[in-house]
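Residue-level structure breakdown
The residues making up each chain are set out below.
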Amino acid sequence: MSDTKERILLTALRLFARDGYEAASVSAIAGELGMTKGALYKHYASKRAIFDSILARMERCDAERAEEYSVPEGTVEEMADAYRTTSVDDLVDYAKAQVRYWTQDEFAAPFRKMLTLEQYRSKEMNRLYQQYLAAGPLGYVADLFAGMGIPHPRREAAALYAPMFFCYSLCDGAEGPEAALALTDGLLECLRARLREAAAENHNKYEEMNMENNGIVIRKETENDFRAVENLVRESFWNVYRPGCQEHYVLRRFRCDPAFVPELDYVMEKDGQLIGQNIFVRAAIHGDDGRDIPIMAMGPICIAPEYKRQGYGKQLLDFTLEKAAALGCGAVCFEGNIGFYGKSGFTFASEFGVRYHGLPEGADASFFLCKELLPGYLDGVRGEYAPPEGYFVAEREATAFERYDAQFPPKEKLKLPGQLF
């Protein structure tokens, strides 16, 4: 979208929020922009065309924000599995973000004010108000709570949404948004604790059993699975980090590596189809005081491409981390994207005083993540982590790797933007 079209949208929306949609004329919009009506009409054929562009923008933003916060972007009929696998923490984090979005975003905030002002003046505006700010979000949250197994989902949805809705009005007041946002955050955090407890009471643990509500099984890998799992890993990682991939060979060779933890070698099935896997390997932080602090590294971890962005990856990750903690693992270091893994409690390893081997001081280490599985396990630790040697086996055994990869169906290796190697 050109800068001029963007300026027209923002200016029109601001006038719609201040004066109302019907009262804000094209002449007023053009005058505010310092242009003629004729110049404006070169970009938008009518005031209605401007409004339709505003609606289209809001729909796109809705979908993008749902994806960013790992909550379903469609209806429960369209995405039943995602409604069942969304966590309380994801939803409460999303709610807190939405409060800021609807009160501070330069596009969403005036859109909310416009609908609030116009809801009594036209059926269309009332419908949009309900969709975005009233019945729509209430029903959405109720469906999510129902999927989580939380009792009285509509009542609990009202308890979540009520402080959000109240905050919108407080933030529009003369005192500014800071106090209102702090108050709302506190209320949502209190609700988070209660909802976690309710969800835990009604949540069937995944331990190697069929989850009747969505056909998911998480179980230990068996020897009969090896070839299918390696092919799954190859399909999932192909052309992601480099042209082709090496992760399937890394997995194959790790199975006979002393660092491999067979008790934490899991696969995920949906309706009998293999869709995911994760492994853990023993590692250490080499402390500046001379100690070696035992930890674990993780991966490869993957979900079949056609099942990504539906909540299965987080479900598998959270389950296997819980099993690692039960086995006595104190912490996990891992190379990954904080946007996804942060939702399961990972943070930057530097926050624990852990450096990545060979990385120059001041270099970007945002890829290097860590999660304590036993609270306080890394207290007082300062040191360096080096990935287990098994992760570099494809480079060391280049000829063997090429022979191995040639056994799989041919795939084109592509150099793509964003690859690391």
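A quick note: this is a predicted structure, and the numbers were derived from the prediction, not measured.

**Remarks on the overall build of the protein**
The number of helices and strands found in the protein is 17 helices and 11 strands. Based on the C-alpha atoms only, the size of the protein along its principal axes is roughly 75 × 50 × 50 Å. For the protein, buried positions account for 48% of its 421 residues. In the protein, once contacts between residues fewer than 6 apart in sequence are set aside, the share between residues at least 24 apart is 67%. Carbon and sulfur atoms make up 52% of the accessible area of the protein, which amounts to about 20600 Å² in all. Counting 49 positive and 64 negative side-chain charges, the protein places the centres of these two groups 5 Å from one another.

**Examining the sheet that holds strand β5 (residues 292–298)**
Spatially, β8-β10-β7-β5-β4-β11-β9 is the arrangement adopted by the 7 strands of the open sheet, whose pairing is mixed. At either end of the open sheet lies a strand with only one pairing partner, and these are β8 (347–348) and β9 (354–356). Judged from the 3 bridges that link them, strand β4 (residues 280–287) and strand β11 (residues 383–385) form a sheet pairing that is antiparallel. What sits directly across from I285, in β11, is Y385. Packing of helix α14 (residues 312–326) onto the sheet brings it into contact with β4, β5, β7 (331–335) and β10 (368–372), and relative to β4 it is tilted by some 65°.

**A short note on the environment of Q130**
Relative to the helices and strands, Q130 resides in helix α8 (residues 123–133). Taking the C-alpha atoms as reference, Q130 lies 44 Å from G299; in sequence the two are 169 residues apart. Q130 has contacts with A135, G136 and P137, leaving out every residue within four places of it along the chain.

**Quick word on helix α12 (residues 226–237)**
The first and last C-alpha atoms of α12 sit 17 Å apart over 12 residues, in line with the 16 Å expected at 1.5 Å per residue. Those residues of α12 that fall on the buried side of the exposure criterion are V229, E230, L232, V233, R234, S236 and F237. On the buried face of α12, the contacting elements are α13 (247–254), β2 (266–270), β3 (273–278), β6 (302–303) and α17 (398–405). A positive phi of about 65° marks N239, the residue just after α12.

**Some words on the packing of helix α1 (residues 3–19) against helix α7 (residues 108–118)**
Axis separation between α1 and α7 bottoms out at 8 Å; the angle between their running directions is 35°. As α1 runs across α7, the sense of the crossing is left-handed. In this structure, α1 contributes L13, F16, A17, R18 and D19 to the contact, and α7 contributes P110, F111, K113, M114 and L117.

**Focus on the packing of helix α6 (residues 88–104) against helix α9 (residues 135–148)**
Relative to each other, α6 and α9 sit at 165°, their axes nearing to 11 Å. With respect to their mutual orientation, α6 and α9 come out roughly antiparallel. As for how α6 packs across α9, the hand of that crossing is left-handed. Residues V88, L91 and Y94 of α6 form the contact with α9, whose own contacting residues are Y140, V141, L144, F145 and M148. The residue inventory of the contact of α6 with α9, partitioned by class, reads 8 nonpolar, no polar and no charged.

**Brief notes about the pairing of β10**
In terms of burial, β10 is a largely internal element, 4 of the 5 residues being buried. Note: β8 against β10, 2 bridges, orientation antiparallel. Across the sheet, T347 pairs through a bridge with C370, a residue of β10.

**Re the nonpolar core**
General note: in soluble globular proteins, nonpolar side chains tend to be found buried as a group. Core analysis: the largest hydrophobic core is formed by 66 residues, its most contacted members being F16, L40, I50, W102, F111, M114 and L115. Top contributing element to this core by residue count: α6, with 8 residues. Beyond its immediate sequence surroundings of up to four residues, I50 is in contact with I8, L9, A12, F16, I29, L40 and Y44. In terms of nonpolar packing, the next biggest core, distinct from the first, is built from 65 residues, I218, M268, I285 and A331 among them.

**Digging into the side chain of R65**
Structurally, R65 is set in helix α4 (residues 47–68). Of the side chains with opposite charge, E68 comes closest to the buried, unpaired R65, at an N-O distance of 4.8 Å. Separated by 3.2 Å, the side chain of R65 and the backbone oxygen of A97 make a polar contact. Side-chain polar atoms of R65 contact the side chain of Q98, separated by 2.6 Å. Beyond its immediate chain neighbours, meaning those up to four positions away, R65 contacts Y94, A97, Q98 and Y101.

**Section: the environment of F348**
Along the polypeptide, F348 turns up in strand β8. Residues contacting F348, with those up to four places away along its chain left out, are I338, S366, F368 and L369.

**Details of the packing of aromatic side chains**
The final tally for this structure, using the stated rule, is 25 aromatic pairs. Geometrically, the ring pair formed by Y21 and F51 is tilted, given 5.1 Å between the ring centres and 55° between the ring planes. Of this pair, Y21 sits in the loop between α1 and α2 (26–33) while F51 is found in helix α4, placing the two residues 30 residues apart along the sequence. Centre to centre, the rings of F334 and F346 are 6.2 Å apart; their planes meet at 50°, and the pair counts as tilted. Within this pair, whereas F334 is found in strand β7, its partner F346 is found in the loop between α15 (338–341) and β8, the two being separated by 12 residues in sequence. One exposure class covers both F334 and F346, and it is buried. Among the aromatic side chains, those forming a connected cluster through ring pairs are Y101, W102, F111 and Y132.

Calculation criteria
- Residues numbered from 1 in each chain as written.
- Predicted model: local features only at pLDDT ≥ 70, side-chain atom pairs only at ≥ 80, totals over all residues.
- Heavy atoms only, no water.
- Helix = DSSP H or I, 4+ residues; strand = E, 2+ residues; numbered from the N terminus.
- Buried < 20%, exposed > 50% of the residue type's maximum accessible area, 1.4 Å probe, protein only.
- Contact = heavy atoms within 4.5 Å.
- Areas by Shrake-Rupley, 256 points an atom, 1.4 Å probe, with all protein chains shown as cover.
- Lys, Arg positive; Asp, Glu negative; His and termini not counted.
- Charge placed at Lys NZ, Arg CZ, Asp CG, Glu CD.
- Pairing = 2+ DSSP bridges.
- Axes fitted to C-alpha atoms, helices over the stretch in contact; angles between N-to-C directions.
- Expected span 1.5 Å × (residues − 1).
- Left-handed = near helix turned anticlockwise from the far one by under 90°.
- Parallel < 35°, antiparallel > 145°, perpendicular 65-115°, else oblique.
- Nonpolar A, V, L, I, M, F, W, Y, C, P; charged D, E, K, R; others polar.
- Core = buried A, V, L, I, M, F, W, Y, C linked by side-chain atoms within 4.5 Å.
- Salt bridge = Lys/Arg side-chain N within 4 Å of Asp/Glu carboxyl O.
- Polar contact = N/O pair within 3.5 Å; in protein donor to acceptor, adjacent residues only side chain to side chain.
- Phe/Tyr/Trp six-rings, centres within 6.5 Å; stacked < 30°, edge-to-face > 60°.

The values are spatial; any link to function lies outside them.
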